[in-house]
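Report on the structure
Chain residues, written in single-letter form:
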Amino acid sequence: MKYLGFIALLALITALSIKPKSIEERVEEQIQESVALHDSAMNLLIELHEKNDSLIDIYFPKNGK
C-alpha cells in the first residue's frame, strides 16, 4: 500500500507541475502547422501542373506534328 500511495502522490505532483498551454499558444501552433501544410500543398500543385504541361506538350504538340 505504501507503494501505491507513493505512485499516486508522484502522479499528482506530475499532473500539477505540467502547465497547460494557453489558447494563444495553441492557436499559434495551429497557424504554423496550417502555413506549413499550405506551402507543401502549393509545391505539390506546382509539380503536378509542370507534369501535366509536359504531358500535354508530348501528346498535343503545338507545331501540329
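Residues numbered from 1 in each chain as written. Predicted model: local features only at pLDDT ≥ 70, side-chain atom pairs only at ≥ 80, totals over all residues. Heavy atoms only, no water.

Considering the pattern of salt bridges
Going by this rule: In the sections that follow, a salt bridge refers to a side-chain nitrogen of Lys or Arg positioned within 4 Å of a carboxyl oxygen of Asp or Glu. Throughout this description, buried means an accessible area under 20% of the type-specific maximum (1.4 Å probe, protein chains only), exposed means over 50%, and partly exposed covers the range between.
All told, the structure shown has two salt bridges when counted by the stated rule. Residue glutamate 29 is joined to lysine 21 by a salt bridge in which the shortest nitrogen-to-oxygen separation is 2.8 Å. Its relative accessible area of 38% is what places glutamate 29 among the partly exposed residues. On the basis of relative accessible area, lysine 21 is assigned to the partly exposed category, the value being 45%.

Some remarks on the environment of glutamate 25
To keep things clear, this is the line we draw: Secondary structure elements follow DSSP: runs of H or I of four or more residues count as helices, runs of E of two or more count as strands, with numbering from the N terminus. For this analysis, a polar contact is any N or O atom pair within 3.5 Å, provided that within protein one partner can donate a hydrogen and the other can accept it, and provided that sequence-adjacent residues contribute only side-chain to side-chain pairs.
Relative to the assigned elements, glutamate 25 resides in helix α2 (residues 23-59). Of note is the side chain of glutamate 25, whose polar atom sits 3.1 Å from the backbone nitrogen of serine 22.

Considering helix α1 (residues 2-17)
Rules: Helix span, as expected, comes to 1.5 Å for every residue beyond the first.
A rise of 1.5 Å per residue sets the reference length of α1, with its 16 residues, at 22 Å; its end C-alpha atoms lie 22 Å apart and thus fit the reference within 8%. Along α1, only zero of the 16 residues are buried, which leaves the element largely exposed.

What to know about a nonpolar patch on the surface
Defined as follows: Patches were defined on residues exceeding 30% relative accessible area and lacking a salt bridge, with like-charge contacts within 9 Å and nonpolar side-chain contacts (Val, Leu, Ile, Met, Phe, Trp, Tyr) within 5 Å. Here the accessible surface of atoms and residues is derived via Shrake-Rupley with a 1.4 Å probe, and residues count as covered only by protein chains that are part of the display.
Side chains of Leu55, Ile56, Ile58, Tyr59 and Phe60 sit close together on the surface and give an oily, nonpolar patch of about 590 Å² of accessible area. Here tyrosine 59 lies in helix α2.

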